[in-house]
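Letter by letter, the chains look like this.
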Amino acid sequence: LKMSWFWLYLPLHLLIATCLCHSIKAPTTSSQQSFKTDLFNFYHSLILADGKETTIHLLKDIPKRYYFVLEEGRVLAPFSITVTPCDVPIEWSILVYKPPPGKTTPGDHDTQEVSKSQKAPSVVSTIFSYKGNSVETYMGMSSHSAVYLLEFLSTERDTHITVYLTTDTTSGHLYPELPTDPRIDVIGVGHTTVTLTWKHSPSVLQHRESIQYCLLVNEKHNYKSLCAAETAIRSSGMKLPPTLALSLSPYLLEPQQVMILSNSELSIINKVSSGEVRQVCMGTKNTYTVPNLSPSTQYYFDVFIVNLLTNASAAYTGTFARTLEEPEPKVTELKDGKVIHVILDGKKQKFYSLQYQARHKKIHFTFQLCRGQIRVHITRNGKTVASENLSGLRYFSLKGKLLDTYLVQLRSTEESNSSVKVQASPYFHKPLFPLLPESLKIKSFSKLRTCRSATIAWLGTQEESKYCVYRKRIEEDQIWRELQSADRCSGPESRPKSEKVLCKYFYDLNPQRAVTTETIKGLEAGTFYLFDVYLFGPSGIPVRYHSKVVKTRKKC
């Protein structure tokens, strides 16, 4: 707007209101309310910054207005406005105030100008309106002075949006540029993986160092903008990094978040009530295989092109895919009296299935936990008869009918591998393992320790059995690893002969007196030793007592 120096000192709000008063002809009774509304709207508005993304918070059912001015110094004044809803759909519109022909600003000939304005009134009109939650851009061109008013309204709930106005359309874009075809293509689907590809953004070819792709994976729906995705995750109780781009730098994660960094890719997994929400930034690669998905689950995929310098982003058209159903697990047949050694992968957390068809009414299942932690689930003809976590040696005696079908399912409850020995047999079958004492713990006597010896004790049974004692010298920092990694199913045949101390037979018909002790001599002073006891039954299969660590005295 051309104006004298005097008018430059007036606040812009007041100037616009003054222009309206001088430019719009005096309202008649029928148009008085409309005139007052236009004047009020312009006067109670905020200035929208040019060339800067503005975040605007909207209260439900309360409109918010911003204005900007296009000056008359140019023949054609191009401009663009981009509005990004960050949550619910909103309503927004652009109104323009154009002064009458020949009218500029208030000057020295007010009476003459009022007379002209009565003949050619100013115009306030709506040039664009939209309702929805998509990112929308309006591009316009003005050939004369004009004041533009933007009005925003949320009718669902309080929300926020971002607005970007620019009158410089030649020096580049704040937002990265999308390709002509912005769709994401699904080129591969597996049981736990989905492979995606998309066309490169022209911005990647021009500014490779400051542009990157970020992928969002969730089980709910697609998101039309990055701020909409972040708002949705925050509303579920999460605290996210400001943007996916900034999450590449060190950031304190919440307890519900897991960060994974591999092959120069940063993944953040958020545990929310509606399932996992994954964020993956992979640089400028435009093909990516999403791993570790759940079988037979529908996922939604959104790709955002992010400018690391400005934090601005643009969204590709989201897609979705359903992973394949998990194939039926292979079932291993159990035979009477045969022992099966099962090793379970803790990372995959899959069930290992064993099937047994009963040839007798009474059935005996034996489980010897070798390593790790395992959950066992037993069904008979499809109905659950036992389910629990295994600990040491466990027997299940079950009674049913001839030809009943038993299904045994085993699963590791740790991330590390677990293993177990399994046997199914008729109830009267010769037992696989020897009769066990009430406890498999080894006790040491601190007062009986010397610099060269240690005394240990363990429980026996009413059945005469063979017991073998082994020792191993270890360092203090090896104790935890030795105890955790011990294979409780391995026999003494896996150990060096130099570690064997002795073997002995004993029993007592009174369980309360079935206790034996042994003093191991020839030890070194101030040294840690690992002691093991193996119990051998009629079948020859050993049972290993819980290892015991004893340190000899330094001085005697």
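Quantities reported herein were computed from a predicted structural model and do not represent experimental measurements.

It is worth spelling out the overall build of the protein at this point. Within the protein one finds 7 helices and 36 strands. Burial analysis of the protein (556 residues in total) assigns 44% to the buried set. Residue pairs in contact within the protein that sit at least 24 positions apart in sequence constitute 74% of those at least 6 positions apart. Summing over all exposed atoms, the protein offers an accessible surface of approximately 29900 Å²; the carbon and sulfur share of this is 51%.

Tallied over the entire structure, the rule returns 5 disulfides. Between the sulfur of C86 and that of C227 lies a disulfide, 2.1 Å long from S to S. Across the S-S bond linking C86 and C227, the dihedral sits near -95°, which makes this disulfide left-handed. Here C227 lies in helix α6 (residues 226-235) and C86 lies in the loop between β4 (77-85) and β5 (90-98), a separation of 141 residues in the sequence. By relative accessible area, which is 18% here, C227 ends up buried.

The 4 strands are arranged β2-β9-β4-β7 in an open sheet whose pairing can be described as antiparallel. Each end of this open sheet is capped by a strand with a single partner; those strands are β2 (52-58) and β7 (136-142). When the angles between neighbouring strand axes are averaged without regard to direction, this sheet yields 20°. Of the strand pairs in this sheet, β2 and strand β9 (residues 159-166) are connected by 7 bridges, and their pairing is antiparallel. Paired with I56 across the two strands is I161, which belongs to β9.

Note that strand β24 (residues 374-380) and strand β27 (residues 405-412) share 7 bridges and pair antiparallel. Within β27, the position partnered with T379 by the bridge is L407. Inspection of the sheet shows β24 paired to strand β25 (residues 383-389) by 6 bridges, in the antiparallel sense. From the neighbouring strand, V376 faces β25, where its bridge partner is E388.

Within the open sheet, the 3 strands sit side by side as β29-β30-β33. Their pairing is antiparallel. Where the open sheet ends on each side, the last strands, each with one partner, are β29 (443-444) and β33 (515-520). Two elements, β29 and strand β30 (residues 454-459), share 2 bridges in a ladder whose sense is antiparallel. Counted as the bridge partner of S444 is I456 from β30.

Unusually for a residue other than glycine, D61 sits at a positive phi of about 65°. The residue D61 is located in the loop between β2 and β3 (64-70) in this model.

Here we take up a nonpolar patch on the surface. Together, V186, V189 and L324 make up a nonpolar patch on the protein surface, roughly 200 Å² of accessible area in all. Here V186 is to be found in strand β10 (residues 184-189). By relative accessible area, V186 is classed as partly exposed at 32%.

So, about the confidence of the model for the protein. Across the protein, the average pLDDT comes to 80, with 77% of residues at or above 70. Confidence drops under a pLDDT of 50 for residues 1-36, and excluding neighbours within four residues, the segment shows 56 contacts in the predicted structure. Confidence drops under a pLDDT of 50 for residues 239-264, and excluding neighbours within four residues, the segment shows 64 contacts in the predicted structure.

A word on the packing of aromatic side chains. On inspection of all chains with the given rule, the structure shows 18 aromatic pairs. The interplanar angle of 70° and the centroid separation of 6.3 Å between the aromatic rings of Y213 and Y316 together place this pair among those described as edge-to-face. Here Y213, found in strand β12 (residues 211-218), pairs with Y316, found in the loop between β18 (313-315) and β19 (319-322); they are 103 residues apart in sequence, far enough to count as distant. Given the relative accessible area of 0%, Y213 is considered buried. Relative accessible area serves as the criterion here: at 3%, Y316 is assigned to the buried category. Following the ring pairs from residue to residue traces out a cluster consisting of F68, F79, W92, F128, Y138, Y148 and F152. Directly above the aromatic system of F536 lies the positively charged group of K466, at a separation of 5.5 Å from the ring centroid.

Within the fold, S203 resides in helix α5 (residues 202-206). For S203, the side chain forms a polar contact with the main-chain nitrogen of E177, separated by 2.7 Å. In this view, S203 contacts P176, E177, R208 and I211; residues no more than four positions away in its chain are not counted.

Right, let's talk about the pattern of salt bridges for a bit. In total, this model carries 12 salt bridges according to the counting rule given. As a salt-bridge pair, R495 and D532 come within 2.6 Å of each other at their nearest N and O atoms. You can see R495 sitting in the loop between α7 (479-485) and β32 (500-506) and its partner D532 sitting in strand β34 (residues 528-536), a full 37 residues away along the chain. When sorted by exposure, R495 lands in the same class as D532, which is buried. Linked by salt bridges that have partners in common, R495, E499, D532 and R544 make up one network.

Moving on, we come to the environment of N417. Following the sequence through the fold, N417 ends up in the loop between β27 and β28 (418-426). N417 sits in the partly exposed class, given a relative accessible area of 44%. Here the alpha-carbon distance between N417 and I343, two residues 74 residues apart in the chain, equals 7.0 Å.

Assignment of secondary structure puts K443 in strand β29. In sequence terms K443 and T455 are 12 residues apart; their C-alpha atoms lie 8.6 Å from each other. Discounting chain neighbours no more than four positions away, the residues touching K443 are T455, I456 and A457.

What follows concerns the pairing of strand β31 (residues 465-474). Relative to β32, β31 runs antiparallel, the two sharing 6 bridges. Across the sheet, the residue bridging to Y470 is K500, located in β32. Examined bridge by bridge, β31 and β34 share 9 bridges and lie antiparallel to one another. Its bridge partner lying in β34, K466 is registered against F536.

Rules and cut-offs
For every chain, the first residue of the written sequence is number 1, and numbering continues from 1 onward in sequence order. Residue-level local features of this predicted model are given only where pLDDT is at least 70; pairs of side-chain atoms are given and counted only at 80 or more, and the full residue set underlies all totals for whole chains, interfaces and linings. Values shown for side chains rest on all heavy atoms present in the structure; no hydrogens or waters enter the calculation. Each helix is a run of H or I in the DSSP string that is no shorter than four residues. Each strand is a run of E no shorter than two, and both are numbered from the N terminus. A 1.4 Å probe rolled over the protein chains alone gives each residue an accessible area, and that area as a share of the maximum for its type sets the label: buried under 20%, exposed over 50%, partly exposed in between. Should any heavy atoms of two residues lie within 4.5 Å, those residues are counted as being in contact. Only the protein chains shown count as cover for residues, and the accessible areas themselves come from Shrake-Rupley with a 1.4 Å probe. Disulfides are defined as pairs of cysteine sulfur atoms found within 2.5 Å of each other. DSSP bridges decide pairing: two strands pair if at least two such bridges lie between them. Axis lines are fitted to C-alpha atoms, over the contacting stretch for helices. Their N-to-C directions set the angle, which ranges from 0 to 180 degrees. Put simply, a patch holds well-exposed residues, over 30% relative accessible area, that have no salt bridge, with like charges counted together within 9 Å and Val, Leu, Ile, Met, Phe, Trp or Tyr side chains within 5 Å. Any carboxyl oxygen of Asp or Glu within 4 Å of a side-chain nitrogen of Lys or Arg constitutes a salt bridge here. As a per-residue quantity, pLDDT reports the predictor's confidence and falls between 0 and 100. A pair of aromatic rings is counted whenever rings of Phe, Tyr or Trp (Trp by its six-membered ring) have centres within 6.5 Å, and the orientation is called stacked for planes under 30 degrees apart, edge-to-face for over 60 and tilted otherwise. In this scheme, Lys NZ or Arg CZ marks a charge over a ring once it lies within 6 Å of the ring centre and within 35 degrees of the ring normal. Whenever a nitrogen or oxygen atom comes within 3.5 Å of another N or O atom, the pair is scored as a polar contact, on the condition that within protein one atom can donate a hydrogen and the other can accept it, and that pairs from neighbouring residues in sequence are kept only if both atoms are in side chains.

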